[in-house]
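Analysis of the macromolecular model
In case you want the letters, here they are:
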Amino acid sequence: MLAAIRVFAKSWVAAVLIGLLILSFAVWGVSDVFKTRASNEVVNAGGRSITPAEFRTEWDRAKTNLEVQSGQPISNEMAVENRFDTRILEMLADRESVAALVERIGLKPADSLITREIQRIPAFFDQVSGRFDKRLYEDALARNNLTAPAFERNVRDDIAQSHMAAGLVDGLRPPRAYAALAVVFAQEARDVSAFAVGPPAVKPPAPPTEAQLTAFMKENADRLMRPEFRVLSVVRFSAAKFAGSVTVSEADIRKQFDFRKDALNRPETRSLVQIPARDAAAARQIADRLGKGEDPAVAAKAAGVEPVVYADKPRTAVVDRKAADVAFAMGSGEVRVVQGDLGLAVVKVTGIQLGESVTLDAIRPMLEAEARKTLAAERVYAVSQVFDDAQAGGANLDEAAAKAGVSVIKLGPVADQGIDTSGKPVSGISAKLIQTAFRLPEGGESQIEDEGEGESYVVRVDKVLPKALPPLDEVRQPLTRAWMGQEMSKRLREKAEALAERVRKGEDMAKVAQSVGTQLTQLPGLTRQASGEQGPLPQEAFAQAFSAAKGGVFAAGGGGPFVFIVGRVDAIRPPAVADNARAVEQVRPQLGMTLFNEIGGQMPRYARAVMKTRTDPELVRQTLGIEAPKAKGGKDGKGAEGK
């Protein structure tokens, strides 16, 4: 072997290969061959960065919102195919760049301001005390895959940017000359003559030939392309299905009652007021006032303290345990001085709502239903374990289902939107099941997947039907209508252009209108303020009327596929000077906000240039488990700096 290698190394072939290798090093650089990733950041903006884990959290949150809005599951592959990853990456790059720029400017809110802002968020309030609860705060962050430092950094960024925006808005005063130009632009008046050109003006198109229809179908392939469909085999494990066949005994009901009775009993509740006292003398004065029927708020104010009011609360809701014990031993309207855990206080009971203990017979139907649900869940678990053991032993889905005594359901063809080939929803299929099925290859089987509420499933992909155009005969009628509509619109536009050309050459416009069976309409005093769908002209025609010079003739769309407008600008009149002066001052605040919005729109781009922001789309796709396409015009597929 070594001898053969030596002989080859001396040959002309080896010389050529080695020469090409040396040339490649010279052109692309030897460093790329041995290069490792220098950074593990999806975004870097002036010292601020987004890690792959942080990107994944933002991605999951945004994709979940998108799925809720669309009402269907969305795979990572589908989202990336539609450049959703790019939009999230660009959003994060903009956000971090602006935040880094604001930090560099020197806007840094104090820690106390951040703490105060977080403690004002109602989602973190305890429902009993109505105060900020650190445990609720931490639980809410954990549910959203956020850490306290990351959340507090976001709050700090929001406060800093809102302060900067407030300063810009307060100090931004556009020059009067700008406002004057805006007023002249908006109030300039034009007199326009116009007439409509409709279907009677042209010869109707004949139905398309087979060749025309085939070509039209190819031109619109993207819109006609059917999505990928899949034929599925599904095994369901349903507690609801087993619930009708399980037998509930008296012992089962009693067991459920013993487990639930403490939670079902309604405790005694009381309404009371607790007023803290500085000393015994102050307590006696407060008690005397309350005993005479004085309003607790007035009595507390006279003592220079704030009352604590509990409205229809159980004993456990009263913070001071000793005060609670005394209050729940008092009668309604009674007043007592209490030495509580939190100090000396005066307590008055203003209302008593007796508790209620439930009996087994009173809630028997509910307990029986719950016991039935529990037994059904246990039955489902047992059956699913038989299936799981069989599958682990090498049985396929059909064999494992037979051993477990459950049926195999055939579904499909179904698309990833949960619809069949006719566009109707497929019954017996959930969003999670669809998502699982479209992650599997053809022939692939899932493990047992839990759907909650005692429901789970196993799915196998029996067949994958790739994206394809439908047969021509299947879409012939709607495709023919679309082709004829497009042809009619094309003919009408050409006719309108020909009529406009006749007017340009000096032919009387009213006679040109009459030649196609329509009437000329005079539209005096049009202004840009009257634009829009509700104006005297459709938007395209309106735009043409205000871009043409005096005497200019135009042909434009008429707000529908089969109506076109031919028009002429007869006169252009500037607004009156006296009206301008008043309007200028009225429009300046609005113009100021417009300038502010434009500054805000350009700020991310400016911030990214200043902070030399870098993005790594390749790392994003690796984070999502998707192979990244090779970048064009670059060596490593990374985004450009300051993009």
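Quick caveat: nothing in here was measured; it's all calculated off a predicted structure.

Backbone torsion omega between G412 and P413 reads 5°, so that peptide bond is classified as cis. Summarising the element assignment, P413 is placed in strand β9 (residues 409-415). Even without being a glycine, R83 presents a positive backbone phi close to 65°. Mapped onto the fold, R83 is located in the loop between α4 (76-81) and α5 (84-105). Of note in this structure, K612 is not a glycine but carries a positive phi near 50°. Tracing the sequence through the fold places K612 in the loop between α23 (577-610) and β15 (614-615).

With that settled, the discussion passes to the pattern of salt bridges. Inspection of the entire model under this criterion finds 38 salt bridges. Measuring nitrogen to oxygen at the nearest pair gives 2.9 Å for the salt bridge that ties R156 to D111. Taken as a pair, R156 in helix α8 (residues 148-171) and D111 in helix α6 (residues 111-118) lie far apart in primary sequence, 45 residues in all. Judged by its relative accessible area of 26%, R156 is partly exposed. Given a relative accessible area of 54%, D111 falls into the exposed group. Between R190 and E188 there is a salt bridge whose closest N-O contact spans 3.0 Å.

This next bit is on helix α18 (residues 397-404). An α-helical segment advances 3.6 residues per turn. Residues three or four places apart therefore align on the same side. Of all the residues in α18, the buried ones are L397, A400, A401 and A404. All buried residues of α18 lie within an arc of 100° about the axis, which places them on one face of the element. Relative to its buried face, α18 has exposed residues pointing more than 90 degrees away, namely A402 and K403. Capping the start of α18 is the job of one residue whose side-chain oxygen sits 3.1 Å from the backbone nitrogen of D398: N396. Just past α18, the residue G405 takes up positive phi, approximately 75°.

What follows deals with the sheet that holds strand β8 (residues 343-353). With antiparallel pairing, the four strands of this open sheet are ordered in space as β6-β5-β8-β7. Two strands close off the open sheet at either side, each with one partner strand: β6 (308-314) and β7 (335-340). Between one strand and the next, the sheet's axes are offset by a mean angle of 30°, whatever the strand orientation. Taken together, the six bridges between β7 and β8 define a ladder with antiparallel strand orientation. The residue bridging G340 from the neighbouring strand is G343, located in β8. Along the sheet, helix α14 (residues 280-291) contacts β5 (269-276), β7 and β8; its crossing angle with β8, the most-contacted strand, is approximately 20°.

Judged by pairing direction, the sheet is antiparallel, and its three strands sit side by side in the order β2-β1-β15 without closing on themselves. Sheet topology places β2 (48-50) and β15 at the edges, where each strand pairs with a single neighbour. Examined bridge by bridge, strand β1 (residues 43-45) and β2 share three bridges and lie antiparallel to one another. Across the sheet, the residue bridging to V43 is I50, located in β2. Taken strand by strand, α5 contacts β1, β2 and β15, and its axis lies near 160° from that of β2.

A few words now on the pairing of strand β11 (residues 455-465). Burial of β11 is extensive: eight of the 11 residues sit out of reach of the surface. Bridge analysis of strand β4 (residues 229-238) against β11 gives 10 bridges, and the strand direction is antiparallel. Each residue of the ladder has a partner; that of S238, found in β11, is E455. Where strand β10 (residues 449-452) meets β11, three bridges bridge the pair, whose relative direction is antiparallel. Counted as the bridge partner of D450 is S456 from β11. Here β10 hands over to β11 after two residues, with E453 in that stretch at a positive phi of 55°.

Moving on to the packing of aromatic side chains. Counting across every chain of the model gives nine aromatic pairs. Their ring planes at 75° and their centres at 5.0 Å tell us that F124 and Y137 sit as a pair that is edge-to-face. Of the two residues, F124 sits in the loop between α6 and α7 (134-143) while Y137 sits in helix α7, which places them 13 residues apart along the sequence. Take F124 and Y137: they sit in the same class, and that class is buried. Geometrically, the ring pair formed by F237 and F387 is edge-to-face, given 5.5 Å between the ring centres and 70° between the ring planes.

Bringing the confidence of the model for the protein chain into the picture now. In low-pLDDT regions, the fine details of the predicted coordinates are not to be read closely. Across the protein chain, the average pLDDT comes to 82, with 86% of residues at 70 or higher. Mean pLDDT per element in the protein chain: helix α1 (residues 2-9) is the minimum at 42, and helix α21 (residues 509-514) is the maximum at 95. Every residue in residues 1-9 scores below 50 in pLDDT, and together they form four contacts with partners more than four places removed in sequence or on other chains. Ignoring residues within four places in sequence, the model shows residues 12-36, a span with pLDDT below 50, making 10 contacts including any to other chains.

Close contact between helix α10 (residues 210-219) and helix α20 (residues 476-504) brings their axes to 10 Å; oriented N to C, the two are set at 90°. Overall, the two elements α10 and α20 adopt an arrangement that is roughly perpendicular. Packed against α10, whose contacting residues are E210, Q212, L213, F216 and M217, the element α20 presents R476, L479, T480, A482, W483 and Q486 at the interface. Taken together, the residues of the contact of α10 with α20 sort by class into six nonpolar, three polar and two charged.

Below, the discussion takes up the environment of M164. Within the element layout of this structure, M164 appears in helix α8. Measuring from C-alpha to C-alpha, the distance between M164 and L107 comes to 7.7 Å, with 57 residues separating the pair along the chain.

Here we take up the packing of helix α3 (residues 52-70) against α5. As a packed pair, α3 and α5 sit with axes 11 Å apart at the nearest point and diverge in direction by 125°. As the angle between them shows, α3 and α5 are arranged oblique. Here α3 and α5 pass one another in a crossing that is right-handed. On the side of α3, the interface is formed by F55, E58, W59, A62, K63 and L66, while α5 contributes F84, D85, I88, L89, L92 and R95.

Definitions and limits used
Within each chain, residue numbers correspond to sequence positions counted from 1 in written order. Where local features are concerned, this predicted model is filtered to residues with pLDDT of at least 70; where side-chain atom pairs are given and counted, the filter is 80 or more; whole-chain, interface and lining totals use all residues. Derived side-chain values reflect all non-hydrogen atoms in the structure, with water molecules and hydrogen atoms excluded from consideration. Helix and strand labels come from DSSP, where a helix needs a run of H or I of at least four residues and a strand needs a run of E of at least two; each type is numbered from the N terminus. The salt bridge criterion pairs a side-chain nitrogen of Lys or Arg with a carboxyl oxygen of Asp or Glu, the two atoms within 4 Å. Any residue under 20% of the maximum accessible area for its type is buried, any over 50% is exposed, and the rest in between are partly exposed; the area is computed with a 1.4 Å probe on protein chains only. Arc definition: it is the arc formed by the directions from the helix axis to the C-beta atoms. Whenever a nitrogen or oxygen atom comes within 3.5 Å of another N or O atom, the pair is scored as a polar contact, on the condition that within protein one atom can donate a hydrogen and the other can accept it, and that pairs from neighbouring residues in sequence are kept only if both atoms are in side chains. Here, strands pair whenever DSSP counts at least two bridges between them. Every axis corresponds to a line fitted to the C-alpha atoms, with the helix fit spanning only the stretch in contact, and the corresponding angles, defined between N-to-C directions, vary from 0 to 180 degrees. For this analysis, residues touch if any pair of their heavy atoms sits within 4.5 Å. Two rings from Phe, Tyr or Trp (for Trp, the six-membered ring) form a pair when their centres are within 6.5 Å of each other. A pair whose planes differ by under 30 degrees is stacked, one over 60 is edge-to-face, and the rest are tilted. Values of pLDDT, the confidence the predictor places in each residue, fall between 0 and 100. Working rule for angles: under 35 degrees goes down as roughly parallel, over 145 as roughly antiparallel, 65 to 115 as roughly perpendicular, anything else as oblique. Amino acids are sorted into nonpolar (Ala, Val, Leu, Ile, Met, Phe, Trp, Tyr, Cys and Pro), charged (Asp, Glu, Lys and Arg) and polar (every other residue, Gly among them). It is the rotation of the near helix from the far one that decides the hand of a crossing: anticlockwise by less than a right angle makes it left-handed, clockwise makes it right-handed.

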